[in-house]
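Remarks on the overall topology
Listed below, chain by chain, are the residues.
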Amino acid sequence: MGTTPDNASLDTRAVHAGRADLTEVHAPPLDLSTTYPLPDVDSGGASYDALAAGLPPTDEGGPIYARAWNPTVARFEEGLAELEGTTDAVAFASGMAATTAAILAMRARGGHHIIGVRPLYGGTDHLLSLGLLDVEATYVDPHPDTAVVAKAIGEARRSDTGLVICETPGNPTLDLLDLDVIVEAAGDVPVMVDNTFATPVLQNPAAHGVALVMHSATKYLGGHGDVMGGVIAADADWAGTLRQVRIITGSLMHPLAGYLLHRGLPTLPVRVRAQQAHAEIVAAWLAEHPQVLDVFYPGLHDPMGVIGRQMRGPGAMVSLRVRGGYAGAAAMLSGLRMITHAVSLGSTDTLAQHPAALTHRPVPDGARPTDDIVRLSIGLEDPADIIADLRSALG
Ligand SMILES: *Cc1c(COP(=O)(O)O)cnc(C)c1O
């Protein structure tokens, strides 16, 4: 494949990123090597030094050892960085491995305190509260108004605050944050945004001054429910520290995962936009259903006008409050025939799950989503068939 013009659109970049050097083959090779032949001791040692400093290997010395570097994973990283508009990206075994690495990288830079803006993914919320990584966390309560969140961040900031972590759209209520306001409130404290729900197709947090753009690649980036991974897009400086953490903790992405994720990038924009179009239809239908108390969907609720300014669309995640509380939500999930009752999201098939009982189970009372909420990840099926299944499940 040839070179991509500088002004190429996201769709074009998604097809070509990480492939510019391919001349002898059309599809990228899958490199499963655990070790690499060394040309000589001197150049091997020089490459080792580069890797230990968090840099790519030298051309002469090569990747040395697979825990330090893998060329297949590096292609995915190059592609993802290009779509997020950062110089670098660092891939991990899972989204949680990526978040853990970000926290350890923050510790390596002298930070000790983290501000977590709720709602956060249940695992992230739990990791911050555990104290396992020797960090102290202050939580900012969920609020649909970014100005209120920004004020709380300002009040929570300390001299040892090393990171502000937030998600937009939030999980599972899909509230949106205005990232320009959040970054300004954080001041010189770096902000990490979990961009899993939006994907780089719909939102590029780095363009708003966000330092670390994290994805659970297990979701939309993989897109087919068959690969686990995590990735953080960042500048070269953060990426260097993240690679050092990855090498010493061994939280690397498997090359097959890197291969599958890179393979999925060209279709990411098409998948996300099709799923989003289906979600808009399903959300509008749910909003009219007598068994549904409330629908959480950015396309129906965007008080700050984030869509069009920060997001390129409302996405394909839809949550709803079902009449009848826990029992009503549980009955709906049991009544599904085509839609898969399972955690996770971003797959080709529509998935439904109960956040309070599953993904947000470790979140403390009060911060946990209410137990009448069902979360849907809308897939690529015909929206009429998705609606038919929801209609019969809602009874
Ligand atoms: C799934 C998920 C994670 C965790 O990612 P894993 O790949 O499961 O480790 C983090 N954030 C969000 C928003 C998620 O959906």
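As shown above, the structure is provided for reference.
Let us look at the structure shown here. (Residues numbered from 1 in each chain as written. Predicted model: local features only at pLDDT ≥ 70, side-chain atom pairs only at ≥ 80, totals over all residues. Heavy atoms only, no water.)

1. Points about a nonpolar patch on the surface
Among the surface-exposed residues, Leu-30, Leu-32 and Leu-256 lie close enough to one another that they form a single nonpolar patch of about 260 Å² accessible area. Tracing the sequence through the fold places Leu-256 in helix H10 (residues 255-264). Owing to a relative accessible area of 40%, Leu-256 belongs among the partly exposed residues under this scheme. (Patch = residues over 30% accessible without salt bridge, like charges linked within 9 Å, V, L, I, M, F, W, Y side chains within 5 Å. Areas by Shrake-Rupley, 256 points an atom, 1.4 Å probe, with all protein chains shown as cover. Salt bridge = Lys/Arg side-chain N within 4 Å of Asp/Glu carboxyl O. Helix = DSSP H or I, 4+ residues; strand = E, 2+ residues; numbered from the N terminus. Buried < 20%, exposed > 50% of the residue type's maximum accessible area, 1.4 Å probe, protein only.)

2. Quick notes on the packing of helix H4 (residues 95-108) against helix H9 (residues 236-249)
Packing of H4 against H9 leaves a shortest axis separation of 9 Å and a crossing angle of 110°. The angle between the axes of H4 and H9 places the two elements in the roughly perpendicular class. Remark: the crossing between H4 and H9 carries right-handed chirality. Across the interface between the two elements, Ala-101, Ala-102, Leu-104, Ala-105, Met-106 and Ala-108 of H4 pack against Trp-238, Thr-241, Leu-242, Val-245 and Thr-249 of H9. Residues belonging to the contact of H4 with H9 are distributed by class as follows: nine nonpolar, two polar and no charged. (Axes fitted to C-alpha atoms, helices over the stretch in contact; angles between N-to-C directions. Parallel < 35°, antiparallel > 145°, perpendicular 65-115°, else oblique. Left-handed = near helix turned anticlockwise from the far one by under 90°. Contact = heavy atoms within 4.5 Å. Nonpolar A, V, L, I, M, F, W, Y, C, P; charged D, E, K, R; others polar.)

3. Some points on H4
With 14 residues, H4 should cover 20 Å at 1.5 Å per step; its first-to-last C-alpha distance of 20 Å lies within 8% of that length. Residues of H4 that are buried include every one of Gly-95, Ala-97, Ala-98, Thr-99, Ala-101, Ala-102, Ile-103, Ala-105 and Met-106, and no others. N-capping of H4 is provided by Ser-94, with a side-chain oxygen placed 3.4 Å from the backbone N of Met-96. Residue Gly-110 follows H4 closely and has a positive phi angle near 95°. (Expected span 1.5 Å × (residues − 1). Polar contact = N/O pair within 3.5 Å; in protein donor to acceptor, adjacent residues only side chain to side chain.)

4. Focus on the sheet that holds strand E9 (residues 317-322)
Taken in spatial order, the five strands line up as E8-E9-E12-E11-E10 in an open sheet, and their pairing is mixed. Where the open sheet ends on each side, the last strands, each with one partner, are strand E8 (292-296) and strand E10 (340-341). Examined bridge by bridge, E10 and strand E11 (residues 351-353) share two bridges and lie parallel to one another. Across the sheet, residue His-341 finds its bridge partner in E11, namely Ala-352. The strands touched by helix H12 (residues 325-334) are E9, E10, E11 and strand E12 (373-377); relative to E9, the strand with the most contacts, the crossing angle is about 130°. (Pairing = 2+ DSSP bridges.)

5. Brief notes about the packing of helix H6 (residues 146-156) against helix H7 (residues 179-186)
One way to put it is that H6 packs onto H7 with a least axis distance of 8 Å and a crossing angle of 15°. The angle between the axes of H6 and H7 places the two elements in the roughly parallel class. Note that H6 runs across H7; the crossing there is right-handed. On H7, the residues touching Thr-146, Val-149, Ala-150 and Ile-153 of H6 are Val-181, Ile-182, Ala-185 and Ala-186. Looking at the contact of H6 with H7, its residues break down into seven nonpolar, one polar and no charged.

6. Describing the site of the ligand
The environment of the ligand is formed by 13 residues, the closest being Met-96, Asp-194, Ser-216, Thr-218 and Lys-219. Contacts to the ligand include Gly-95, whose backbone N or O atom sits 2.9 Å from an oxygen atom. In this structure, Met-96 approaches the ligand through a main-chain N or O atom, which is 2.8 Å from an oxygen atom. Notes on the ligand: free accessible area 380 Å², of which the protein chains cover 94%. Partitioning the shell around the ligand into residue classes produces five nonpolar, six polar and two charged. (Near = heavy atom within 4 Å.)

7. Quick word on the environment of Arg-368
Counting through the fold element by element, Arg-368 comes out in the loop between E11 and E12. Classification of Arg-368 as partly exposed rests on a relative accessible area of 29%. Sequence separation of Arg-368 and Ala-357 is 11 residues, and the distance between their C-alpha atoms is 9.5 Å. Among residues more than four places away in sequence, those in contact with Arg-368 are Ala-356, His-360, Arg-361 and Val-363. For Arg-368, the side chain forms a polar contact with the main-chain oxygen of Val-363, separated by 2.9 Å.

8. Examining the nonpolar core
Core analysis: the biggest nonpolar cluster contains 79 residues, and Phe-76, Ile-153, Val-191, Leu-286, Val-374 and Leu-390 have the highest contact counts within it. With seven residues, the top contributor of residues to this core is helix H11 (residues 268-287). Every residue in contact with Ile-153, bar those within four places of it in the chain, is listed here: Ile-115, Val-117, Val-140, Val-164, Ile-182, Ala-185 and Ala-186. Counting residues in hydrophobic clusters, the runner-up holds 27 residues, among them Ile-165, Ala-211, Ala-234 and Val-245. (Core = buried A, V, L, I, M, F, W, Y, C linked by side-chain atoms within 4.5 Å.)

9. Looking at the environment of Leu-10
Locating Leu-10 in the fold gives a position in helix H1 (residues 10-16). A relative accessible area of 19% places Leu-10 in the buried class. In the structure, Leu-10 is positioned 191 residues away from Val-201 in sequence and 7.4 Å away in space, judged by C-alpha atoms. In this structure, Leu-10 is in contact with Leu-83, Pro-200, Val-201, Pro-269, Arg-273 and Arg-312, ignoring residues within four places of it in sequence.

10. Focus on the pattern of salt bridges
With the rule as written, the count across this model stands at 16 salt bridges. Across the pair Arg-157 and Asp-188 runs a salt bridge whose closest N-O atoms are separated by 3.3 Å. Taken together, the residues Arg-157 in the loop between H6 and strand E4 (161-167) and Asp-188 in the loop between H7 and strand E5 (191-194) connect sequence positions 31 residues apart. What makes Asp-188 exposed here is its relative accessible area of 69%. In this structure, the salt-bridge partner of Asp-294 is Arg-321, at a minimum N-O distance of 3.8 Å.

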